[in-house]
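Inside the fold
Residue strings, one per chain:
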Amino acid sequence: MKLFVTGGAGFIGSNFVLYWLRQHPNDQIINFDKLTYAGNLANLTEVEHHDNYHFVKGDICSVSDVEKAMEGADIVVHFAAESHVDRSIMNPSDFVETNVAGTQVLLDVALKYRVKRFHHVSTDEVFGALSLDNSTKFNEATSYNPHSPYSASKAGSDHLVRAYADTYELPITITNCSNNFGPYQFPEKLIPLAITNLIEDKKVPVYGDGLYVRDWLYVEDHCRAIERVLQDGKIGETYCVGGLRPEHGDINNLDVAKKILSLLGKDESYLEYVKDRPGHDRRYAIDWSKIKNELGWEPQYDFDEWLTKTVEWYKSHEGWWRAIKNGSYKDYYDKQYSQR
Ligand code: NAD
Ligand code: DAU
């Protein structure tokens, strides 16, 4: 089996490549990635000499790049995207270009080469926001109602993927998952930003009142969910993937930040309340019963235990994140947080 993985040098994509080659060492992987600020080949040193792993630098918006690299692939697993909400508020056009136009290029080429499956990795953010007043969850039937340029561009990509299935019979599947965390996450996202700031003895910026709720999914659970969908998912179907079990209840950003403070031996003076994100979605929660009932998938990792392991990972991989924080990241950080 030959997999064409887009965005395999990013956070989830690189975890997926490492996971897949551990589980399926005889499959071939083409990792197609533009290496934007978020792409990092250092995530992939474990497989760089693997006989069945090949990296190709290319842009999903370029028909010729994609045509050259995708030929012969059986399955496309599409992770490549601009993925950070705050950057989408600063610069929406990159998000439309990559997430919408780039996805359309991939769909065209996948159709031309008659791939056996086009799997699109999407997000729960396309559904908009839930209220703190009740315990409703997103599921596969929830209407789309995106609020940020990022989530609007991901919604656009989901619609295109379904349109190619309906119009041209491209064999597609989609997963809409919640907030991932774990190794190799770029330190612009809440959990790695909080951990690395605290190790550097800096504060954790908390947007607004901090009572925003996310559903946290350990990245390896996400990789296993995609594996199950590739193996036995029904063509044309969408599966929602979440990390929290009903007994967890909601975990808000202040809870997350306080757990990280405690794991790193810091007190609450290290929380810094800053100006809120515009259009900030109040609450996300996922009903993952469809993928459990149909494919037998459920999250294996407990949030507290794996948050602890994630903190340990960042403590033992300082070189990895310091190289990022010492580069152009600083310009982004200053721009994002100085007006708050
Ligand atoms: P990331 O930002 O860490 O990585 C994105 C990768 O895509 C990078 O390696 C980057 O170089 C590559 N890329 C960007 N533009 C490209 C282009 N034009 N051509 C080729 N490669 C390009 O993102 P992530 O957090 O790993 O997210 C991966 C996917 O999962 C995205 O589609 C995102 O929308 C989705 N998702 C992420 C989360 C999350 O919590 N991180 C949750 C739900 C869904
Ligand atoms: O829900 C899935 C989505 O999760 C993915 O589709 C996105 O690609 C991914 O970036 C993530 O989006 P969020 O906006 O939820 O993640 P982020 O880590 O940016 O923020 C998590 C919460 O923490 C959110 O309520 C905003 C808040 N936050 C974030 C940062 C960076 C803070 O309070 N302070 C911060 O400095």
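Scroll up to find the structure.
What this report covers is the structure whose coordinates are included nearby. (Residues numbered from 1 in each chain as written. Chains lettered and ligands numbered in written order. Predicted model: local features only at pLDDT ≥ 70, side-chain atom pairs only at ≥ 80, totals over all residues. Heavy atoms only, no water.)

Here we take up the state of the cysteines. For the coordinates displayed, the defined rule picks out zero disulfides. The cysteine Cys 240 is free of any disulfide, with Cys 177 supplying the nearest cysteine sulfur at 9.5 Å. Relative accessible area serves as the criterion here: at 0%, Cys 240 is assigned to the buried category. (Disulfide = S-S within 2.5 Å. Buried < 20%, exposed > 50% of the residue type's maximum accessible area, 1.4 Å probe, protein only.)

Before going further, it helps to examine the site of ligand 1. As a structural note, the neighbourhood of ligand 1 is formed by 28 residues, with Ile 12, Asp 33, Ser 83, Tyr 150 and Lys 154 the closest of them. Here a nitrogen atom of ligand 1 sits 3.1 Å away from a polar atom, N or O, in the main chain of Lys 34. Those elements giving two or more residues to the shell around ligand 1 turn out to be helix H1 (11-23), strand E5 (117-123), helix H5 (149-168) and strand E7 (179-181). By residue number, the principal contributor to the shell around ligand 1 is E5, which donates three residues. (Near = heavy atom within 4 Å. Polar contact = N/O pair within 3.5 Å; in protein donor to acceptor, adjacent residues only side chain to side chain. Helix = DSSP H or I, 4+ residues; strand = E, 2+ residues; numbered from the N terminus.)

What follows concerns the pairing of strand E10 (residues 238-241). Going residue by residue along E10, you find Thr 238 and Cys 240 tucked away on one face and Tyr 239 and Val 241 tucked away on the opposite face as well. As judged from the four bridges shared by strand E6 (residues 172-177) and E10, these two strands associate in the parallel manner. In the sheet register, Asn 176 faces E10, and the bridge partner there is Cys 240. (Pairing = 2+ DSSP bridges.)

Inspection of every chain in the model, using the stated rule, returns 23 salt bridges. A salt bridge links Glu 200 to Lys 202; the nearest nitrogen and oxygen atoms lie 3.5 Å apart. A salt bridge links Lys 330 to Asp 334; the nearest nitrogen and oxygen atoms lie 2.9 Å apart. Of the two residues, Lys 330 and Asp 334 both sit in helix H12 (residues 329-338), four residues apart, roughly one turn of that helix. A relative accessible area of 49% places Lys 330 in the partly exposed class. Through salt bridges with shared partners, a single network forms among Glu 200, Lys 202, Glu 318, Arg 322 and Lys 325. (Salt bridge = Lys/Arg side-chain N within 4 Å of Asp/Glu carboxyl O.)

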